[in-house]
Amino acid sequence: KNEVEQSPQNLTAQEGEFITINCSYSVGISALHWLQQHPGGGIVSLFMLSSGKKKHGRLIATINIQEKHSSLHITASHPRDSAVYICAAYTGTASKLTFGTGTRLQVTL
Amino acid sequence: DTGVSQNPRHKITKRGQNVTFRCDPISEHNRLYWYRQTLGQGPEFLTYFQNEAQLEKSRLLSDRFSAERPKGSFSTLEIQRTEQGDSAMYLCASSLVGLAGAGSYNEQFFGPGTRLTVL
């Protein structure tokens, strides 16, 4: 069992739909990072959070430390949101990241 | 551009050749991380530096791999005698760790990656 697990692995949505991607972790963490990766590989930081909820535009991230669970929501999805979304946990004194395997999102017109 | 940069962006090599990648972190960042990502998987930790000191290496980092950060600024990752299994995206990230040091989670910023293909 991976220390950081995401679901679903693949997600197809129509433009305008509300999207939820889930992340569960089994290790102690100091913070959780949501990242976006487009074809070609570049990784962009979306959110880093250690408690509660953060919002940026149409993106919302929540974390429940007690339940070791985080969610990323996209409201009013758009084809340009199509990408791989990865959650990663900051663990240990090195603050190195342990990554989930990613959720591949495809938003169609 | 003040982000993390990596060179080259793509590298194709034949099995058995040596390759070297470079990462230039955000200038004031004192921590630098290397990760490897194979197709369809999330990245995996390889090693990290605090300033010029290499503080941790993953079991994934075999003897054929060596990383340096000689002046605490840019870093290089060298793979000797490449194998087809080394084909992956190699990602570099940097962060700024404050005086609190251990246990602090300082946001990592990623470079664009170097995609290695070993034929």
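Scope of this entry: the structure provided in the associated data block. Sequence order sets the numbering: in each chain, residues are counted from 1 along the sequence as written. To label them, take the chains in the order written and letter them from A, then take the ligands in the order written and number them from 1. Reporting of local features is limited, given that this is a predicted model, to residues whose pLDDT is at least 70; pairs of side-chain atoms are given and counted only at 80 or more, and all residues count toward the totals for whole chains, interfaces and linings. As a convention, hydrogens and water are excluded, and side-chain values are obtained from all of the structure's heavy atoms.

So, on to the sheet that holds strand β7 (residues 59-64) of chain A. All names here are of chain A. Pairs of strands are assigned from DSSP output, requiring at least two bridges between the strands. Segments assigned H or I by DSSP are reported as helices when at least four residues long, segments assigned E as strands when at least two residues long, and all are numbered from the N terminus. What the five strands build is an open sheet, ordered β1-β3-β8-β7-β6; its pairing is antiparallel. Looking at the sheet topology across the chains shown, the edges are occupied by β1 (4-7) and β6 (52-56). Going from strand to strand, the sheet's axes swing by 15 degrees on average, the running direction of each strand aside. Across five bridges, the pairing between β6 and β7 is antiparallel. From the neighbouring strand, Lys53 faces β7, where its bridge partner is Thr62. Helix axes are fitted only over the stretch in contact, all axes being lines through C-alpha atoms; the angle between N-to-C directions runs from 0 to 180 degrees.

Residues and elements named next belong to chain B. Taken together, four strands build an open sheet; the order of strands is β1-β3-β8-β7 and the sheet is antiparallel. Two strands close off the open sheet at either side, each with one partner strand: β1 (5-7) and β7 (65-68). Averaged over all neighbouring strand pairs, the angle between strand axes comes to 15 degrees, with direction disregarded. The pairing of β7 with strand β8 (residues 75-79) spans four bridges and is antiparallel.

Here the focus is the state of the cysteines. Two cysteine sulfurs form what is called a disulfide whenever their separation falls within 2.5 Å. All told, the structure shown has two disulfides over all chains when counted by the stated rule. Across the disulfide from Cys23 of chain A sits Cys87 of chain A; the S-S distance is 2.0 Å. Between Cys23 of chain A and Cys87 of chain A, the disulfide has an S-S torsion of 75 degrees and is therefore right-handed. Taken together, the residues Cys23 of chain A in strand β3 (residues 19-25) and Cys87 of chain A in strand β9 (residues 83-91) connect sequence positions 64 residues apart. Buried residues are those whose accessible area, probed at 1.4 Å on protein chains only, stays under 20% of the maximum for their type, while exposed residues exceed 50% and partly exposed ones sit between those limits. Overall, the relative accessible area of 0% leaves Cys23 of chain A in the buried class. Taking relative accessible area as the criterion, Cys87 of chain A reaches 0% and is therefore assigned buried. The residue that forms a disulfide with Cys23 of chain B is Cys92 of chain B, at a sulfur-sulfur distance of 1.8 Å. Looking along the S-S bond of the Cys23 of chain B-Cys92 of chain B disulfide, the torsion reads about -65 degrees, which is the left-handed sense. Linking Cys23 of chain B in strand β3 (residues 19-24) with Cys92 of chain B in strand β9 (residues 88-95), this pair joins segments that are 69 residues apart in sequence. Of the two residues, Cys23 of chain B and Cys92 of chain B, neither departs from the other in class, the shared state being buried.

Aromatic rings in a pair are described by how distant their centres are and how their planes are angled relative to each other. Here is the rule: rings of Phe, Tyr and Trp (six-membered ring for Trp) pair when centre to centre is within 6.5 Å. Planes less than 30 degrees apart are stacked, more than 60 are edge-to-face, and the remainder are tilted. One pass over the structure, following the stated rule, counts eight aromatic pairs over all chains. Geometrically, the ring pair formed by Tyr35 of chain B and Phe45 of chain B is edge-to-face, given 6.2 Å between the ring centres and 70 degrees between the ring planes. Linking Tyr35 of chain B in strand β4 (residues 31-37) with Phe45 of chain B in strand β5 (residues 44-50), this pair joins segments that are ten residues apart in sequence. Ring geometry for Tyr35 of chain B and Phe110 of chain B: centres 5.9 Å apart, planes at 35 degrees, overall tilted. Taken as a pair, Tyr35 of chain B in strand β4 and Phe110 of chain B in strand β10 (residues 109-110) lie far apart in primary sequence, 75 residues in all. Judged by its relative accessible area of 11%, Phe110 of chain B is buried. Aromatic ring contacts, followed pair by pair, group Phe99 of chain A together with Tyr33, Tyr35, Phe45, Tyr48 and Phe110 of chain B into a single cluster. Between Arg22 of chain B and the ring centre of Phe74 of chain B, over which it is positioned, the NZ or CZ distance is 3.9 Å. Here, a charge over a ring is recorded when the distance from Lys NZ or Arg CZ to the ring centre is within 6 Å and its angle to the ring normal is within 35 degrees.

With that out of the way, let us pick up the interface of chain B and chain A. The contact criterion used throughout is that any non-hydrogen atoms of two residues lie within 4.5 Å. Between chain B and chain A, the contact holds 25 residues from the first and 22 residues from the second. Buried surface area refers to the total accessible area, computed with a probe of radius 1.4 Å, that the two partners give up upon joining, counted for both partners together. In total, chain B and chain A occlude about 1800 Å² of area from one another, counting both sides; carbon and sulfur atoms represent 56% of this. Whenever Lys or Arg places a side-chain nitrogen within 4 Å of a carboxyl oxygen from Asp or Glu, that contact is recorded as a salt bridge. Summed over the shared surface of chain B and chain A, the result is one salt bridge. We note a salt bridge from Lys96 of chain A to Glu56 of chain B, for which the minimum N-O separation is 2.4 Å. Here a polar contact means two N or O atoms within 3.5 Å. Within protein one must be a hydrogen donor candidate and the other an acceptor candidate, and residues neighboring in sequence count only if both atoms are side-chain atoms. On inspection of chain B and its partner chain A, the count reaches five residue pairs in polar contact (both at pLDDT 80 or more). Those elements giving two or more residues to the side of chain B that touches chain A turn out to be β4, β5 and β9 of chain B. If one sorts the elements of the side of chain B that touches chain A by residue count, β4 of chain B sits on top with four residues. Each residue gets one of three labels, nonpolar for Ala, Val, Leu, Ile, Met, Phe, Trp, Tyr, Cys and Pro, charged for Asp, Glu, Lys and Arg, and polar for the others, Gly among them. Each residue belonging to the side of chain B that touches chain A can be placed in one class, and the counts come to eleven nonpolar, nine polar and five charged.

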